Amino acid sequence: MSNPSILILAGDGIGPEVMDEVKKIITWFGAKRDLAFDVSEDLVGGAAYDAHGTPLTDATMDKAQNVDAVLLGAVGGPKYDVLDFSVKPERGLLRLRKEMDLFANLRPAQCFDALADFSSLKKDVVAGLDIMIVRELTSGIYFGEPRGIIVENNERVGINTQRYTESEIERVARSAFELAKRRGNKVCSMEKANVMESGILWREVVQKIHDEEYPEVELSHMYADAGAMQLCRWPKQFDVIVTDNLFGDLLSDAAAMLTGSLGMLPSASLGAPMANGRPKAMYEPVHGSAPDIAGEGKANPIACILSFSMALRYSFDLGAEADRLEAAVEKVLADGVRTADLLGPEDGTPVSTSEMGDKIIAALDASL
Ligand code: NAD
């Protein structure tokens, strides 16, 4: 059987810098764990625009459709702000998500003990936190029709439409239940069934999928506004949260910030299973291209490294190796190794992007 395939799209700004550290880790897994991956690389975002006049060529799109996992760095930068909307770097990313039909966006909020002081919440509220938000990514109010700004009775009216079909809810609910089975076996579904019909349908369909296919998983329902409060009050009550595109956008950002720096946050976007049983998948850090620090070796590579760890777990079924990589990150943080984003002004000397990668490799070596 051929090796699992990975397409690396490092992108712009700090994207290539943080991705270099992931490449070292992929090489480590090949050399030390006998896990070989077929890795190819291509351009996305501003880098692709500079080379080809488009943020994603058809050839790159084709490659992305035919690999087991895409790893993306970040796209964008001030240089491209003047471009027409149709060729902006972000369009490359949106095209990947849309054409690969990546409907389930997984955003973990995990608090490493060594960084618990970094949260804006009290240490005992966040220490040991490990929750996963599953956000529906390809439908809902960001895509629903009708939309637009019209004129009615001599004034302008802004319109967006929340719209979900049963099958769209069913597939993201299944993703959440499948995930919960591999974690704490609990799903909390969030909507606003008290004021939105789409919320009523959401609740009914999630309950039906639970009762018919996943009765062994604990399911609860919560209004999304109450959910936001509970996330700040006592986030450890949750395991997997499943919610729609709009609420997921807000709740996942809020949950992520419980855990500290943007440089620590990975994500996965998953679609339907391919012929080999693996889901269509793209893994990327939550952060952008950070033009303010690009090229200075200051970027924290951990978000990108943890995104690769999610690929090990969700695309390649290598949960034990993902645990190994996450434990190596935890060890390095516990040893006090910090990039600049994880340090206060009085907190000592930061390591560079590549030094952080090397420390994680050393911790991986020590794990053998
Ligand atoms: P950003 O995430 O790039 O940066 C926000 C702040 O966080 C900056 O101060 C930056 O230095 C810091 N930061 C981000 N990642 C870091 C890391 N790994 N290590 C240390 N510090 C880090 O967001 P922005 O400044 O709003 O956007 C910059 C560009 O990135 C824009 O062009 C935007 O469109 C694009 N963007 C791309 C993505 C993506 O590719 N998925 C996401 C968000 C923004």
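All residue numbers here refer to positions counted from 1 along the written sequence of the relevant chain. Local features in this predicted model are restricted to residues of pLDDT 70 or higher, and side-chain atom pairs are both shown and tallied only at a pLDDT of 80 or more, whereas totals for entire chains, interfaces and linings draw on every residue. The basis for every side-chain value is the complete set of non-hydrogen atoms in the structure, without hydrogens or water.

Strands here mean DSSP runs of E at least two residues long; helices mean DSSP runs of H or I at least four residues long; both are numbered from the N terminus. Along the chain, the regular secondary structure elements total twelve helices and twelve strands. As a reference, a globule follows 2.2 Å times the number of residues to the power 0.38, and the radius of gyration itself is taken over C-alpha atoms. Expected size for 368 residues packed as a compact globule is a radius of gyration near 21 Å; at 21 Å, the chain falls within 12% of this value. By its C-alpha atoms, the chain is 60 × 50 × 50 Å across when sized along the principal axes. Each of the 368 residues in the chain was classed as buried or not, and the buried ones make up 52%. Residues count as neighbours in contact if any of their non-hydrogen atoms are within 4.5 Å of one another. Contacts spanning at least 24 positions in sequence make up 74% of the contacts within the chain whose residues lie at least 6 apart. For the accessible areas, the method is Shrake-Rupley and the probe is 1.4 Å, while residue cover comes only from the protein chains on display. For the chain, the accessible surface area stands at approximately 16300 Å², while carbon and sulfur atoms represent 51% of it. The positive charge centre, built from 37 side chains, and the negative charge centre, built from 57, are 1 Å apart in the chain. Each residue's exposure class comes from its accessible area (1.4 Å probe, protein chains only) as a fraction of the maximum for that residue type: buried when under 20%, exposed when over 50%, partly exposed otherwise. We count Lys and Arg on the positive side and Asp and Glu on the negative side, and we leave His and both chain ends out. Charge coordinates come from a single atom per side chain, which is NZ of Lys, CZ of Arg, CG of Asp or CD of Glu.

Nearness here has a simple test: a residue counts as near a molecule or strand if at least one of its heavy atoms is within 4 Å of that partner. Near the ligand, the surroundings consist of 21 residues, among which Val 75, Glu 90, Gly 288, Ala 290 and Asp 292 are the closest. A distance of 2.5 Å separates an oxygen atom of the ligand from a polar atom in the side chain of Glu 90. His 287 is positioned with one of its side-chain polar atoms (N or O) 3.3 Å from a nitrogen atom of the ligand. Burial of the ligand by the protein amounts to 68% of the accessible area it has alone, namely 800 Å². We call Asp, Glu, Lys and Arg charged. Ala, Val, Leu, Ile, Met, Phe, Trp, Tyr, Cys and Pro are nonpolar, and the rest, Gly among them, are polar. Across the shell around the ligand, the residue classes tally to ten nonpolar, seven polar and four charged. Think of a polar contact as two N or O atoms within 3.5 Å of one another; within protein, one of them needs to be a possible hydrogen donor and the other a possible acceptor, and neighboring residues in sequence only count if both atoms come from side chains.

Our next topic: the domain arrangement of the chain. Per the annotation, domain bounds derive from an automatic or database assignment of domains. Per the domain assignment, the segments of the chain are domain 1 (1-110 + 261-368) and domain 2 (130-258). Tallying the contact residues gives 19 residues for domain 1 and 19 residues for domain 2. Buried surface area refers to the total accessible area, computed with a probe of radius 1.4 Å, that the two partners give up upon joining, counted for both partners together. Carbon and sulfur atoms supply 58% of the area that domain 1 and domain 2 bury against each other, a total of about 1700 Å² over both sides. Broken down residue by residue, the surface that domain 1 buries against domain 2 is led by Phe 103, Arg 107 and Ala 109, which jointly contribute 41%. Salt bridge criterion: a side-chain nitrogen from Lys or Arg within 4 Å of a carboxyl oxygen from Asp or Glu. At the surface where domain 1 touches domain 2, the tally comes to three salt bridges. In this structure, Asp 101 engages Arg 171 in a salt bridge whose closest nitrogen and oxygen atoms are separated by 3.2 Å. At the surface where domain 1 touches domain 2, the tally comes to eight residue pairs in polar contact (both at pLDDT 80 or more). Take the side of domain 1 that touches domain 2: its biggest share by element is seven residues, from strand β4 (residues 104-110). When its residues are assigned to classes, the side of domain 1 that touches domain 2 shows ten nonpolar, four polar and five charged.

On to the environment of Val 125, then. You can see Val 125 is positioned in helix α5 (residues 123-126). For Val 125, a relative accessible area of 12% gives the class buried. With near-sequence residues (within four places) excluded, Val 125 lies in contact with Cys 232, Arg 233, Trp 234, Pro 235 and Lys 236.

For the rest of this paragraph, the subject is the nonpolar core. Grouped together as the largest cluster of nonpolar side chains are 70 residues, with contacts concentrated most on Leu 71, Leu 106, Val 134, Tyr 283, Phe 308 and Ile 360. When residues in this core are grouped by element, the largest group, nine residues, is from helix α10 (residues 302-314). No fewer than three residues from each of domain 1 (1-110 + 261-368) and domain 2 (130-258) sit in this core. Setting aside residues up to four positions removed in sequence, Leu 71 forms contacts with Ile 6, Leu 7, Ile 8, Leu 9, Met 19, Val 22, Ile 26, Tyr 283, Phe 308 and Ala 311. Within the second largest apolar cluster, 18 residues are counted, among which are Ala 109, Cys 111, Val 126 and Ala 224. For the purposes of this section, nonpolar cores are sets of buried Ala, Val, Leu, Ile, Met, Phe, Trp, Tyr and Cys residues that join through side-chain atoms within 4.5 Å.

As for its placement among the helices and strands, Met 196 is situated in the loop between β8 (186-191) and α7 (197-213). Taking the C-alpha atoms as reference, Met 196 lies 9.0 Å from Gln 162; in sequence the two are 34 residues apart. Setting aside residues no more than four positions away along its own chain, Met 196 makes contact with Gln 162 and Phe 247.

The sheet contact formed by β8 and strand β9 (residues 218-223) spans six bridges and is parallel. Note on β9: the bridge partner recorded for Val 187 is Leu 219. Convention used here: a crossover is right-handed provided that the path from the first strand, over the helix, to the second strand proceeds clockwise when the strands point away from the viewer. After leaving β8, the chain enters α7 and then returns to the sheet as β9, a path that is right-handed. DSSP-based pairing: two strands are paired if at least 2 bridges between them are found.

This part covers the side chain of Arg 324. As for its position among the elements, Arg 324 is in helix α11 (residues 319-334). Of the polar contacts made by the side chain of Arg 324, one reaches the side chain of Ser 367; its length is 2.9 Å. If sequence neighbours within four positions are ignored, Arg 324 has contacts with Trp 28, Phe 29, Arg 33, Leu 364, Ser 367 and Leu 368.

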